[in-house]
Every structure is written in C-alpha cells, then in structure tokens.
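Residue-level listing of the chains:
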Amino acid sequence: MIREFFAGVRILLRGFSMWRTHPKLLALGLIPAFIAFVALVAALIPLGFTLGSITDWITPFADSWLSPWRELLRVGLGIVIFIAALALAGTVFTALTLTIGDPFYQRIWRGVERELGGPEPSGETGFWTTVGEGIRLVVLGILVALLTLLLGFMPLVGGVLASVTGVILSGRLLARELTARAFDARGITTYTRSELLGSGRARVIGFGVATQLCFLVPLGAIVTMPAAVAGSTILARSLQDSREVSQVAAPTAPERPLAPPPAAMTAQQNAPRDPEHPSA
C-alpha cells in the first residue's frame, strides 16, 4: 500500500516533468487556473480577517471563561474553520478551473495521450457534463469540509485529525475529478470507473494528496493544475493497464471430471459380481 501511495506521488511528478518537455502545451492551462485562483483568494482573504468575529459568535458561552482558555478555544476553532475552508477551496478551485478552461485542458490530456503512445481515445466531454461534474465535486467538497469541521472539535487530537482527514478526502475527490476526462474519452462508465479507482485506491490517494498539498502552497495551484491534468491522464492509463494485465494473468481453474450420480454409484456397488471376472 505504501509503495502504491508513492507511485501516485511519482505520477504527479511525471506530470510536472511535462513542463520541461512540453512547456507550451501546459502553459495553456495557466490562464483558467489563474482566474480561479484569484476568485478563491478574493473569498479566503475576507474569511481570514473575519475569523475572530466568527469564532466569537459561535462560542458565546466562552465569554465568561478565564484567560487563556477562552483565547485557546477560539484560536483553535478559527484554525479548524480555516482548514475546512482550505479543504473546500481545493475542490472548488479544481471544479472552477476545469469548467473555465475545458478546451485548454482537453488539448493537454490529448497531448499526454499521444506522448504515452497507443491508440488515442476519440471521445470528448461535453460542456454541460463538465459543469455537472463540477457541481458534484463542489457538493462533495462541502461534505468533506463539514466533516473536517466536526472532527476539529474533538479534544486534543481534533486539529491534527481534521487536517489529515481533510487532505486525504479532498485529494481523493481531486483525483476522481481530474481522471474523469481521460475515462470519459475511453467510454468508461461510472461503475467501471469506480472499480478502476478502487483497484488502485492507494495510488489514487497518493496522487490526490500530493496535488492537494501543492494547491496549499502560495501560487502553487496555478502551476500545479496543468501538471495535475497531465498526471491524471497518466494515472487513468496506468489504472486501465493494470486492470488489463490482471485480467490476462488471472489463472483459469482446471476442469474437473464429472463424478457419477449417487444413484449410479449405488447401483454399481450393489451389482452382482461375475465369478469369472472378479474385477467387474
């Protein structure tokens, strides 16, 4: 499992290597990523400035607490709220960027498919399909943010547990959304896609967690997004190839001779024996 996790991280690094080999291709994804990044920063900065007021409003019962317990509670709650906001921001950024720049990212993943060789998928993802997948991603991101927020209220380990859970779940959502275009182009159904992602769960989480952590670096989301699209194409291809190899390598059970029916066996045992032929 650990080896597969780091295999997913290496897939993202292969996506980053495309900046060296195909800089013009990946540069196409910078503009929509920059637009989405500016929109999210414009929402997160006011949130950061108003965290104090928000935590005061949520915890009126702590007004009578002695210092420093009141401040520790509200600072910790503010950190948890901001962590949940960052978990949601990663999914919103991905959905918004892919929707805005769908034509650009179509060219990126097709270029990666040609680089990998083999038959190039001919399918395309329609605009409204992209919008629908983006809305689904945002809704799931809200659920992850709420779960992260609830975990943050746990005593002692809440902050660490909320951070780890938020990054892992958000990363898995990102990986699923980013691989959607490569799977759709191959005509892979939602059920089969879930099977493929489940068969390489550790690899998918490794890729998604690495992507999410890169998104948290200042301005890292802008540079990471084109590389993540390239890496997700490699990830989708690797998952499908692994499944095909496992299907070919699966051993077939040898055929067993059919046993005679019980009635026939009983009749054979009770049959009179020929004295001249004792073996009969």
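Residues numbered from 1 in each chain as written. Predicted model: local features only at pLDDT ≥ 70, side-chain atom pairs only at ≥ 80, totals over all residues. Heavy atoms only, no water.

Visitor: Looking at this structure, how should I read the packing of aromatic side chains?
Guide: How two aromatic rings sit relative to each other is given by the distance of their centres and the angle of their planes. With the rule as written, the count across this model stands at 3 aromatic pairs. Ring geometry for Phe5 against Phe6: centres 5.5 Å apart, planes inclined by 85 degrees, an arrangement best described as edge-to-face. Exposure remark for Phe6: the relative accessible area of 44% places this residue in the partly exposed category. Ring geometry for Phe93 against Phe215: centres 5.2 Å apart, planes inclined by 75 degrees, an arrangement best described as edge-to-face. Here the residue Phe93 occupies a position in helix H5 (residues 69-100), and Phe215 occupies one in helix H11 (residues 201-216), the gap between them amounting to 122 residues. We note that Phe93, like Phe215, is buried. (Phe/Tyr/Trp six-rings, centres within 6.5 Å; stacked < 30°, edge-to-face > 60°. Buried < 20%, exposed > 50% of the residue type's maximum accessible area, 1.4 Å probe, protein only. Helix = DSSP H or I, 4+ residues; strand = E, 2+ residues; numbered from the N terminus.)

Visitor: Help me understand the side chain of Arg74, please; the structure alone is not making it clear to me.
Guide: One can find Arg74 in helix H5. Here Thr59 takes part through its backbone oxygen, which lies 2.8 Å from a polar atom of the side chain of Arg74. (Polar contact = N/O pair within 3.5 Å; in protein donor to acceptor, adjacent residues only side chain to side chain.)

Visitor: Just to check I follow, could you spell out unusual backbone geometry for this structure?
Guide: Apart from glycine, the bulk of residues carry a negative phi angle, and the bulk of peptide bonds sit in the trans form. With an omega of 10 degrees, the peptide bond between Ser67 and Pro68 qualifies as cis. Assignment of secondary structure puts Pro68 in the loop between helix H4 (51-58) and H5. The backbone of Leu219 sits at a positive phi, close to 65 degrees, despite the residue not being glycine. Relative accessible area serves as the criterion here: at 53%, Leu219 is assigned to the exposed category.

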